[in-house]
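Architecture and fold: a report
Single-letter residue listing:
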Amino acid sequence: MTGQARIIDGKAAAAALRAEIATEVAALTTSGRPAPGLHVVLVGEDPASRVYVGSKEKQAVEVGMASVVHRMPAETGEAELLAKVAAFNADPAVDGILVQLPLPKHIDVDKVIEAIDPAKDVDCFHPVNVGRLAAGQGKLIPCTPLGAMLLLKQVLPSLAGLEAVVIGRSGIVGRPMAQLLVQADCTVTIAHSRTRDLPEVLRRADIVVAAVGRPHFVKGAWIKPGATVIDVGINRLPDGKLAGDVDYAEALTVAGAITPVPGGVGPMTIACLLRNTLTAYRERRG
Ligand code: NAD
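Residues numbered from 1 in each chain as written. Predicted model: local features only at pLDDT ≥ 70, side-chain atom pairs only at ≥ 80, totals over all residues. Heavy atoms only, no water.

Another point: the sheet that holds strand β3 (residues 66-72). Strand order in the open sheet made by the three strands is β3-β2-β4, with parallel pairing throughout. Edge positions in the sheet fall to β3 and β4 (96-99), since each has one partner strand and no second. For this sheet, the mean inter-axis angle between neighbouring strands, taken without regard to orientation, is 15°. This element, helix α2 (residues 47-62), spans β2 (37-43), β3 and β4 of the sheet and lies at about 160° to β3. (Pairing = 2+ DSSP bridges. Helix = DSSP H or I, 4+ residues; strand = E, 2+ residues; numbered from the N terminus. Axes fitted to C-alpha atoms, helices over the stretch in contact; angles between N-to-C directions. Contact = heavy atoms within 4.5 Å.)

So this is what it looks like as C-alpha cells:
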C-alpha cells in the first residue's frame, strides 16, 4: 500500500517566521529604538551568491531591518576585506555581519570568518559560536540547521527518543544539524561519504536529514515508512530545475512527512538569518 506523505510547507513557515520578526522589529522602532542592522558583504560576481545576497537584502528590508549590501570587486584584497569587517565590528549600529561565501581563492576564508565579532556572526560560522553550539550554549544557531529544526518541530512536537540520521557532515549543515538533534534528545547518527551501508543505517531512522549535494540520492526504498524527511539539498539539474538530495517522487509514497525542493528548507534559511540578526541585537543591546 502506498500513502502520500504530508508536505511540509517551508515557504509558509518562513513567511510566518518573517511576520513574527517584522512584528518584533516594529515594536522596537515604534518605541524609538533603532532597527537591527544587517550588513552583508559580497566579494566578486558569483551568480548564485548575487541571487542569495539580493534575497537576503530584500527580506531584511521587508521585516524593517536596516540592511546594507556591500558589493566589492573580485580583486578585493584580503587586507581590505578584513578592514571592512573590523569597521563593522566597531560600529554599534551593525548587529549582524555576513560575508557571503564562497570568497575568491586569494582570500583566506577562515581568517575572514575569525575576524568577525562572534556577537555579530549571524551565519554562526565563527569558531567561538561553533564551540558554543557544541557546548549547548548557542544563542546564534547556523541558519539552515535552525530552519530545518523549526520545520521538524511543525510535524513532530517532541523529538525525544527518536532516531535521526543526518546524511552529510559539513560544518555548515550536517554537523550543527546533528548537534541540534542531540540537544532535542534524538538518538543521532551522522552518515557521510565513507559510511558503509547507508540504506541499512537509514532503516531505523524516524528522521532523515539529507545534506549531501547529490540530486535524488536518497531512494524511497531506503526510507522507513512514516519517517519525517528533511531535504536540505539544492541541486541544479541540467534542465535548469532544482532538485533535492532525496528522490522526492519515491519518498512521497513512503515518508510520513517531507520537505519539497524548492519550497522546503531553502526559504527558512534566510528567515533564520533574520532571526539571528534580531537575536544578536537583543544580546548586545538588550
Ligand atoms: P558539502 O559538500 O560540504 O557536504 C556534503 C556532505 O555529503 C559531505 O559531508 C559528504 O561526506 C556527504 N556525502 C557525499 N557523498 C556521500 C555519500 N555517497 N553518502 C553519504 N554521504 C555523502 O555540502 P553542504 O554545504 O553540507 O550542502 C549539502 C547540500 O545542501 C547541497 O545540495 C547544498 O546546496 C545544500 N544547502 C542548502 C542550503 C539551504 O539553504 N537549503 C544551505 C546550505 C547547503
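Residues Tyr52, Ile234 and Leu242 make up a contiguous nonpolar surface patch of roughly 260 Å² in combined accessible area. Note on leucine 242: relative accessible area 31%, which makes it partly exposed. (Patch = residues over 30% accessible without salt bridge, like charges linked within 9 Å, V, L, I, M, F, W, Y side chains within 5 Å. Areas by Shrake-Rupley, 256 points an atom, 1.4 Å probe, with all protein chains shown as cover. Salt bridge = Lys/Arg side-chain N within 4 Å of Asp/Glu carboxyl O. Buried < 20%, exposed > 50% of the residue type's maximum accessible area, 1.4 Å probe, protein only.)

With that settled, the discussion passes to the site of the ligand. Of all residues adjacent to the ligand, which total 20 residues, the nearest are Arg169, Ser170, Ser193, Ile234 and Thr269. Here an oxygen atom of the ligand sits 2.8 Å away from a polar atom, N or O, in the main chain of arginine 169. Bound to the protein, the ligand loses 72% of the 850 Å² it would expose on its own. Among the elements that line the shell around the ligand, the one with the most residues is helix α10 (residues 265-285), at three residues. The class makeup of the residues in the shell around the ligand is eight nonpolar, ten polar and two charged. (Near = heavy atom within 4 Å. Polar contact = N/O pair within 3.5 Å; in protein donor to acceptor, adjacent residues only side chain to side chain. Nonpolar A, V, L, I, M, F, W, Y, C, P; charged D, E, K, R; others polar.)

This part is about the packing of aromatic side chains. Any pair of aromatic rings gets described here by the distance separating the centres and the angle formed by the planes. One pass over the full model with this rule turns up one aromatic pair. Ring centres of phenylalanine 217 and tryptophan 222 lie 5.8 Å apart, and the angle between their planes is 90°; on these two criteria the pair is classed as edge-to-face. (Phe/Tyr/Trp six-rings, centres within 6.5 Å; stacked < 30°, edge-to-face > 60°.)

By the assigned domains, the chain splits into domain 1 (33-117) and domain 2 (142-266). Taking the mean C-alpha position of each, domain 1 and domain 2 sit 29 Å from one another. (Domains from an automatic or database assignment.)

So, on to the pairing of β4. Judged by which residues are buried, β4 turns out to be covered on both faces: Gly96 and Leu98 on one side and Ile97 and Val99 on the other are all buried. In terms of strand pairing, β2 meets β4 through four bridges, oriented parallel. Directly across from leucine 38, in β4, lies its bridge partner glycine 96.

Counted under the stated rule, the structure contains twelve salt bridges. In this structure, lysine 58 engages glutamate 62 in a salt bridge whose closest nitrogen and oxygen atoms are separated by 3.2 Å. Here lysine 58 and its partner glutamate 62 are both found in helix α2, four residues apart, which amounts to about one turn of the helix. Judged by its relative accessible area of 52%, lysine 58 is exposed. Sharing partners across several salt bridges, the network here consists of Glu20, Glu24, Arg275 and Arg282.

We now examine the state of the cysteines. In a disulfide, the sulfur atoms of two cysteines are held together by a covalent bond. Tallying each qualifying case throughout the model produces zero disulfides. Unpaired in terms of disulfides, cysteine 143 finds its nearest cysteine sulfur in cysteine 272, a separation of 6.5 Å. (Disulfide = S-S within 2.5 Å.)

Spatially, β1-β11-β8-β7-β5-β6 is the arrangement adopted by the six strands of the open sheet, whose pairing is parallel. At either end of the open sheet lies a strand with only one pairing partner, and these are β1 (6-7) and β6 (187-191). As paired strands, strand β7 (residues 207-210) and strand β8 (residues 228-231) are joined by four bridges and run parallel to one another. Bridge assignment links isoleucine 207 to a residue of β8, and that residue is threonine 228. Most of the contacts of helix α6 (residues 143-155) go to β8, to which it runs at about 155°, and overall it touches β1, β7, β8 and β11 (257-258). Set on the sheet, helix α7 (residues 174-183) makes contact with β5 (163-167), β6 and β7; between it and β5 the angle comes to about 170°.

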